[in-house]
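Coordinate inspection notes
Residues per chain, in single letters:
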Amino acid sequence: MSFLPFPHPVKVRRRPANASLHSATIVFRLFKSNLFMANLSGPAAQPHIVDAAGASLVQLDWSAVLFLMTGVMVCGLGLAFTVREGGSKSIMPFLFTTAAGALWLVFEGVARGTLGSSASATAFRLALVCAACVPAAFLWFTHTVTGGRKSTGISLIVALATACALSVLLLWPGTDIALNGTLSFGPDAELLGTAFTAHFAIVMLVSGIAYATQLRRHRLSDYRHRRARLLIIASAIGALCSIGFLPALGIAFYADSSLAVAVFFLLVAYVMGRFRISDITPALVGAQIAQVMPDALLVLDRDTIVRQLNPAALELLGVEADALIGQPARRVLGRGHVRSPINTLIDGNPVDDFEVTIDLPDGQTRTVSISATAVREFDQSPRAFVFILHDISTRKAAEERIRELAFYDTLTELPNRAGFFNEISRRIERDRIQSGAVLFLDLDRFKLINDTLGHDAGDKMLAVVARRLQHCLRQDSSSREDGDTIVARFGGDEFVVALCNVDDIEQVVTVCQRVLQALAQPIDLGGQEVFSGASIGVSRYPCDGDNLQTLLKCADLALYEAKADGRNAYQIYDETLAKRSTERARLEADIRNALERDEFRVHYQPIVDYRTGRMVGAEALLRWQHPRRGAVPPDVFVPVAEEIGAMSQLGEQVLREACTALKSWNERGFDHMSIAVNLSDHQFRRRDLADNIQGVLREYDLVPDRLILEVTEAIIMNDPDFTRDTIRALKSAGTRIGVDDFGTGYSSFNDLKQLGVDMIKVDGRFTQTMADQDSDGSVARAIIRMAQSLNLQVIAEGVENTEQAERLDQVQCHFMQGFLHGAPMSATDFVAHLDHERGAGSPDPTLSLPAVSFGGYQ
């Protein structure tokens, strides 16, 4: 390893008298120096011979080139890190350190290359000045890296003051600089040299101590621990460089320091590159963040001209930088979108999340959120404005989608319940609605379609209904202000229509009629044509209620009344509906209690062959004797029981009790008897109905064809395909199928024939026309004759007198059921009636119990 600063000690204080002796002395000292340098394993000093006058004769000092190259390398390191770490607080002391070190080495090289000339002494003075600045600059660097500790700051001040003082003395013309590297100052040649050497070594050691203090404060795994450890080594190498100044203290130790200086600076540069110790300043952070931030950044001057922007702004706005810089910001953001935030900033208020929609050059639109701040002068007047644009188009689209999911029905694209309430609230607040009406719609027989054709078909039907509602209501709203009508789907097959600013009841009625007419049209569901229709309940604002909840409740009550009236109708709410609703709720509760208390009973009404007067069968009829209400008519409690789902349980009870009665009749010898049992809609829709019937027949050991299962026309016509499959399954079990109350629905004889029914029961209203003086009974006769032509057995219901019976007999309708031959009676009374018939040969009139007609037999 080689050290500082001159190749050999050549003192030229005075010119010798004998030039030959002087040359010999030079050669001797060169030889001595070369031997010493060889022992140090450094590059051997080259001879530099001067004549008696001190002029250079021979220059063989090639180490000057090494010093110059090392200086250039150190200068390159400083410049490279200055470019990379620009804006850092610690880059300045590092640059100062490298600059001082590079100049030290360069001037040292110049002094070596011009040894013996006047330029050599000047270059040497400058080299020593730069060398004095190196430890002070490094201590400044240490002070910034270690966090600016107070003790290090005091040492830095002392070091800088000492370096300045030494520099002044070294540049002072009266200071004698010896060519052998020793420093002379007046009569004492070692005073300045001692101060210089001590300054260099002590300051470098203080830097090492500062890093050692930091070393103890951090764990071994901490990057600051590893950084401090390397910088301690660098400080030690820097302090070791002061050995080259030992000749100034009178110690004859001569060495080349270029390698040590190079190692020192390379180690410091490695630490900077490895651990990035340069400080993070606002300028550095701002420049980097602006380039990589995902949000668009626009800097506007006080005239709203774009002065700076980042890459994200170019990408967001879809323009080139040249097309935007220097242009008014309103060309991109719009006049109001720029002026409004700036006015807010000028007023001293913050701008955050100011949402605007901007049009891009390619025709697209973007929704952005603008946050802005003002860059102010010392007098707080705005100098520039910084706009940060965050693209929220995706978020807005997601919010809109969430809003649609929250407030709109995805199937029909109509507002849902929440959307309906939200829209009504907005209209009330905006338009101050003074009058209106609420229409509550429920599709008729939708559950049947959903169950038989599947949920996909049901969904298609709901979509078609929604479109028809919108279309017909749009036609109605054409005569009023646009937006006065709100259509929503509440769920399932329920729809709600709000008519705003409508005070004419006739106009409401017109809307209801138009809706019913639109929904009564057939709907094609993948090749299957179905009919639905709807029932509508109407309530009016403000006469029926002053809030939406009350109006919906009233419309719902009116809807139930419309369904009770036969469906496919509308009903306007009035006060009597509330009373009916209360009574209905009580009836529902009584039915549930009656099921628990087993209050329902099965009665039997005879079916007679009028020709022989012999009883051939009976119909099982459900009866309810309420402890408080008394006898409740079937047409009152059966529809309610259907709606609350109680008919399945009641139907099963009727079926089993009827089979029990038939078995007891067979055991008493009345094996010719048949029994008819009505099937409710819930029973008929059960997939396991045929299996259940077969199980009951096997359980009671009955002949299957003695059981007649009766269904109404309404049940048959709801879903012909499903009805056909169910009837085939029941007939395969051996039972017979009858159609009850024939003539009240819309079925045709052709439908009955295709379905494979065995018998029909002519409704009692047609039977009574047979003896009515105001009617010729032609309809009843036509029904009977048509059925007979199709080989269908006909039973006439509601036969109450002999005249009706005779006229029915004249048209070959011999099987009759009615009060003429017996009212519905209990199982015990019916058995007694059978026994009396067998004993007397004809029914006993006294056993035909007088009873009130309930308008039906269910």
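Residues numbered from 1 in each chain as written. Predicted model: local features only at pLDDT ≥ 70, side-chain atom pairs only at ≥ 80, totals over all residues. Heavy atoms only, no water.

**Topic: the side chain of Gln-571**
Formally: By the criteria applied, helices consist of DSSP H or I runs no shorter than four residues and strands consist of E runs no shorter than two, each listed in order from the N terminus. Between two residues, a contact is recorded if the distance between any of their heavy atoms is within 4.5 Å.
Along the chain, Gln-571 falls in strand S16 (residues 570-572). Those residues in contact with Gln-571, other than ones at most four positions away along the chain, are Ile-536, Gly-537, Val-538, Ala-558, Glu-561, Ala-562, Asp-565 and Leu-577.

**Some thoughts on the packing of helix H4 (residues 118-145) against helix H5 (residues 150-171)**
A pair of packed helices is characterised by two quantities: the angle between their axes and the separation of those axes. Short version of the rule: As a rule, the C-alpha atoms of each element are fitted with a line to give its axis, helices using only the stretch in contact, and angles between N-to-C directions run from 0 to 180 degrees. When describing relative orientation, an angle under 35 degrees is termed roughly parallel and one over 145 degrees roughly antiparallel, while 65 to 115 degrees is termed roughly perpendicular and anything else oblique. Just so you know the grouping, Ala, Val, Leu, Ile, Met, Phe, Trp, Tyr, Cys and Pro go in nonpolar, Asp, Glu, Lys and Arg go in charged, and all remaining residues, Gly too, go in polar.
Look at H4 against H5: their axes get within 9 Å of each other, and the N-to-C directions meet at 170°. Comparing their axes, H5 and H4 come out roughly antiparallel. Where H4 abuts H5, its residues Arg-125, Leu-126, Leu-128, Val-129, Ala-132, Cys-133, Ala-136, Leu-139, Trp-140 and His-143 lie against Thr-152, Gly-153, Ser-155, Leu-156, Ala-159, Leu-160, Ala-163, Leu-166, Ser-167, Leu-170 and Leu-171. When the residues that make up the contact of H4 with H5 are grouped by side-chain class, the tally is 15 nonpolar, 5 polar and 1 charged.

**Details of unusual backbone geometry**
Note the cut-off: Burial classification: accessible surface area is computed with a 1.4 Å probe over protein chains only, and a residue below 20% of its type maximum counts as buried, one above 50% as exposed, and the rest as partly exposed.
Going from Tyr-541 to Pro-542, the amide bond is cis rather than trans, its omega being 10°. Topologically, Pro-542 is positioned in the loop between strand S15 (534-541) and helix H18 (548-564). In the Ramachandran plot, Glu-413 falls in the positive-phi region, its phi being about 60° despite a non-glycine side chain. Since its relative accessible area comes to 65%, Glu-413 is described here as exposed.

**Quick notes on the packing of aromatic side chains**
In plain terms, the rule: Between rings of Phe, Tyr and Trp, where Trp is taken as its six-membered ring, a pair exists when centres lie within 6.5 Å; planes separated by under 30 degrees are stacked, by over 60 edge-to-face, and by other angles tilted.
A full pass over the atoms with the stated rule returns 18 aromatic pairs. Consider the rings of Trp-104 and Phe-200, whose centres lie 5.8 Å apart with planes at 70°: the pair is edge-to-face. Remark: Phe-200 occurs in helix H6 (residues 191-216) and Trp-104 occurs in helix H3 (residues 91-113); sequence separation between them is 96 residues. Arranged with centres 5.5 Å apart and planes meeting at 75°, the rings of Phe-420 and Phe-490 form a pair that is edge-to-face. Of this pair, Phe-420 sits in helix H14 (residues 417-431) while Phe-490 sits in strand S11 (residues 485-491), and the two are 70 residues apart along the sequence.

**Concerning the pairing of strand S23 (residues 759-762)**
What counts, and what does not: One bridge is not enough; two strands pair if DSSP finds at least two bridges between them.
A two-sided burial pattern is seen for S23, the buried positions comprising Met-759 and Lys-761 on one face and Ile-760 and Val-762 on the other. Of the strand pairs in this sheet, S23 and strand S24 (residues 793-797) are connected by 4 bridges, and their pairing is parallel. Considered in S24, the bridge of Met-759 is made with Gln-793.

**Looking at the confidence of the model for the chain**
How we decide: pLDDT runs from 0 to 100 and stands for how confident the predictor is about each residue.
Averaged over all residues, the pLDDT of the chain is 78; the fraction at 70 or higher stands at 81%. This stretch, residues 1-60, has a pLDDT under 50; its non-local contacts, to residues over four places away or in other chains, come to 111 contacts. Overall, residues 842-858 carries pLDDT values under 50, and its contacts beyond four positions in sequence, including any with other chains, amount to 42 contacts.

**Things to note about the pattern of salt bridges**
Where we set the bar: Criterion for a salt bridge: a side-chain nitrogen of Lys or Arg within 4 Å of a carboxyl oxygen of Asp or Glu.
Taken as a whole, this structure holds 29 salt bridges when the rule is applied. Residue Glu-355 is joined to Lys-396 by a salt bridge in which the shortest nitrogen-to-oxygen separation is 2.9 Å. With Glu-355 in strand S7 (residues 351-359) and Lys-396 in helix H13 (residues 393-407), the pair connects residues that are 41 residues apart, well separated along the chain. For Glu-355, a relative accessible area of 37% puts it in the partly exposed group. Residue Lys-396 is classed as partly exposed on the basis of its relative accessible area, which comes to 28%. For the salt bridge of Arg-395 with Glu-399, the shortest nitrogen-to-oxygen distance reads 3.3 Å. With Arg-395 and Glu-399 both in helix H13, this residue pair falls 4 residues apart, about one helical turn. Residue Glu-399 is classed as partly exposed on the basis of its relative accessible area of 36%. Three or more residues joined by partner-sharing salt bridges are found here, namely Glu-355, Arg-395, Lys-396 and Glu-399.

**Focus: the sheet that holds strand S5 (residues 296-301)**
Taken in spatial order, the 5 strands of this open sheet run S6-S5-S9-S8-S7, and their pairing is antiparallel. What marks the edges here is a single partner per strand, and that holds for strand S6 (306-309) and S7. Each adjacent strand pair in this sheet contributes to an overall mean axis angle of 30°, direction not counted. Here strand S8 (residues 365-376) runs beside strand S9 (residues 382-391); their pairing, made up of 9 bridges, is antiparallel. Looking at the pairing, Val-368 lines up with Asp-391 of S9. Set on the sheet, H13 makes contact with S7, S8 and S9; between it and S8 the angle comes to about 130°.

**What about the packing of helix H21 (residues 647-667) against helix H23 (residues 689-700)?**
What counts, and what does not: Two helices cross in a left-handed way if the nearer one is turned anticlockwise from the farther one by less than a right angle. They cross in a right-handed way if the turn is clockwise.
It is the contact of H21 with H23, at a shortest axis distance of 10 Å, that shows an interaxial angle of 30°. In terms of axis orientation, H21 runs roughly parallel to H23. Between H21 and H23 the crossing geometry is right-handed. Here Glu-652, Leu-655, Arg-656, Cys-659, Thr-660 and Lys-663 of H21 come into contact with H23, specifically with Asn-692, Ile-693, Val-696, Glu-699 and Tyr-700. Residue composition of the contact of H21 with H23, by class: 5 nonpolar, 2 polar and 4 charged.

**Points about the state of the cysteines**
Inclusion rule: Whenever a pair of cysteine sulfur atoms sits within 2.5 Å, that pair is classed as a disulfide.
The full count for this structure, using the stated rule, is 0 disulfides. Between Cys-554, a free cysteine, and Cys-543, which holds the nearest cysteine sulfur, the sulfur-to-sulfur gap is 9.1 Å. Judged by relative accessible area, which is 6%, Cys-554 ranks as buried.

**As for the nonpolar core**
Put simply, the rule reads: We call a set of buried Ala, Val, Leu, Ile, Met, Phe, Trp, Tyr and Cys residues a nonpolar core when their side-chain atoms join them within 4.5 Å.
By size, the foremost hydrophobic cluster in this structure holds 76 residues, and its most contacted members are Ile-591, Tyr-604, Trp-665, Phe-684, Leu-730, Ile-760 and Phe-830. In this view, Leu-730 contacts Leu-679, Phe-684, Leu-689, Ala-690, Ile-693, Leu-709, Thr-735 and Ile-737; residues no more than four positions away in its chain are not counted. Formed by 48 residues, the second largest nonpolar core is a distinct cluster that contains Ala-102, Val-129, Ala-132 and Ala-260.

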